[in-house]
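One-letter residues, chain by chain:
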Amino acid sequence: MKRLYGIQYLRAVAALGVVVFHAAERSGMHFAIGAAGVDVFFVISGFIMWVIATDRAPSPAAFLRDRIERIAPLYWITTGIMIARALIGLFPNLRLTTWYVLSSLAFIASRSPSTGDIWPVLVQGWTLNYEMFFYILFAMALFLPAKRRLSALAALFLALVAAGWLLHPETPVLKTWTDPLLLEFLAGMVIGKAWLKGAVPSPAVGLALLAAAVAGFAFVGITYTGFNAFVLGPLAAALVLGVLSFEKRGAVARLPAAAYLGDASYSIYLWHTMAISVVAKAASMLALPGPVAFAAAVIAGTALGAAAHETLEKPIAAFIKSRRRKQTPDAGAKWQARSRTS
């Protein structure tokens, strides 16, 4: 897949939005709209999965393997650290049960024994339960002919959301699997198909989409009206489509710092709350003003995520890539092996 800088920048914006949201929350300030970074992530995820699957044509098993190798190791490490810190008493309000720990590690939605909320040990990991469910459904769709995949996934996602609307399930798994947030992945896949067909809007229309998206997010953030997937999903889709309209014309400049933050966005997303928690406690002890604590929390959360990207995420990815190369003979070796046995 060609590197799309506009998408990388949006990943950076989405991750930083979540960081700012949590930093504001812990420092007595407000930036609730930052949580909409999750909606942007989901649309981007649908877009990227569609484009990758079309370009590379992976088998269902290979697709799932790639996604698990990309998502799981860093998440397991982060969750493991949270569990260890809870066991030694650093999180006295965090209650752990065997099922809660295992379900968190397995990307199965369950309720926190501490609060009753549907989130895993690492709270922001709740989004990965949606991601993994999406990956499983997408992998199943890869068994179908390419021309039928999008329609099949659209029908399935719409049916699941309709079932949730009609039945109002309260069990964590069914509540997750019927959530309207699933439609954001669908929107991303639709955009991905349009992108591959060259059917993205002109920059003029793209600019209007970007303006509408920014205005819409601002309205929701200020008024707290429409804080749901039915509003934030279309706004996130408009944002992605607007950026892609410029990307298609080669009008997106390469900004190394922004691109790097996009690369590190997953690590930033997973690790930032640990740094923010430390800063919040230090700020309370030192009686720092709210704005100072907020700025320090944003910087610390982003820095810790970038450090995790360099020291964990990148080495893990390199190790997996190296191991796969050793396990897979090159094309020449395969040809020689076939020649010797023919």
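Described in the following lines is the structure provided in the data block. In this numbering scheme, every chain counts its residues from 1 along its sequence in written order. Restriction of local features to residues with pLDDT of at least 70 applies here, the model being predicted, together with a cutoff of 80 or more for giving and counting side-chain atom pairs; totals for whole chains, interfaces and linings are based on all residues. Derived side-chain values reflect all non-hydrogen atoms in the structure, with water molecules and hydrogen atoms excluded from consideration.

## Some remarks on the packing of aromatic side chains
Item 1. Classification of ring pairs uses Phe, Tyr and Trp, with its six-membered ring standing for Trp, and accepts pairs whose centres are within 6.5 Å; under 30 degrees between planes counts as stacked, over 60 as edge-to-face, and the remaining range as tilted. Using the criterion set out here, one finds 16 aromatic pairs in the structure.
Item 2. With a centroid separation of 5.9 Å and an interplanar angle of 35°, the aromatic rings of Phe 42 and Tyr 130 are classed as tilted. Placement of the pair is Phe 42 in helix H2 (residues 37-56) and Tyr 130 in helix H5 (residues 126-141), with a sequence separation of 88 residues.
Item 3. On the basis of relative accessible area, Tyr 130 is assigned to the buried category, the value being 7%. In this description a helix means any DSSP run of H or I spanning at least four residues, a strand means any run of E spanning at least two, and both kinds are numbered starting from the N terminus. Summary of the burial criterion: residues with accessible area below 20% of their type's maximum are buried, those above 50% are exposed, and those between are partly exposed, where the area comes from a 1.4 Å probe applied to protein chains only.

## A look at helix H3 (residues 60-87)
Item 1. To estimate the expected span of a helix, subtract one from its residue number and multiply by 1.5 Å. In this model, H3 (28 residues) spans 38 Å end to end at C-alpha, consistent with the 40 Å of a helix rising 1.5 Å per residue.
Item 2. At Ala 72, H3 shows its largest bend, some 30°, and a proline, Pro 73, comes one to four positions later.
Item 3. Downstream of H3 by a residue or two, Gly 89 has a phi angle that is positive, lying close to 95°. The bend reported for a residue corresponds to the angle between axes fitted to the seven residues ending at that residue and the seven starting there.

## Describing the nonpolar core
Item 1. Among the nonpolar cores identified, the biggest contains 89 residues, and Phe 47, Phe 138, Phe 157, Met 189, Phe 217 and Leu 270 are the most heavily contacted of them.
Item 2. Ranked by the residues each element gives to this core, the list is headed by H2, at 13 residues.
Item 3. Those residues in contact with Met 189 that lie beyond four places of it in its chain are Gly 46, Phe 47, Trp 50, Phe 134, Phe 138, Leu 150, Leu 153 and Phe 157. We define a nonpolar core as any set of buried Ala, Val, Leu, Ile, Met, Phe, Trp, Tyr and Cys residues linked to one another through side-chain atoms lying within 4.5 Å. Contacts are residue-level and defined by heavy atoms, with any inter-residue pair within 4.5 Å sufficient.

## What to know about the environment of Asp 66
Item 1. With respect to the element layout, Asp 66 can be found in helix H3.
Item 2. Between the C-alpha atoms of Asp 66 and Ile 320, which are 254 residues apart in sequence, the distance is 9.8 Å.
Item 3. Nitrogen and oxygen atoms within 3.5 Å of one another constitute a polar contact, given that in protein one can donate a hydrogen and the other can accept it, and given that sequence-neighbouring residues count only through two side-chain atoms. A polar atom in the side chain of Asp 66 sits 3.2 Å from the side chain of Arg 65.

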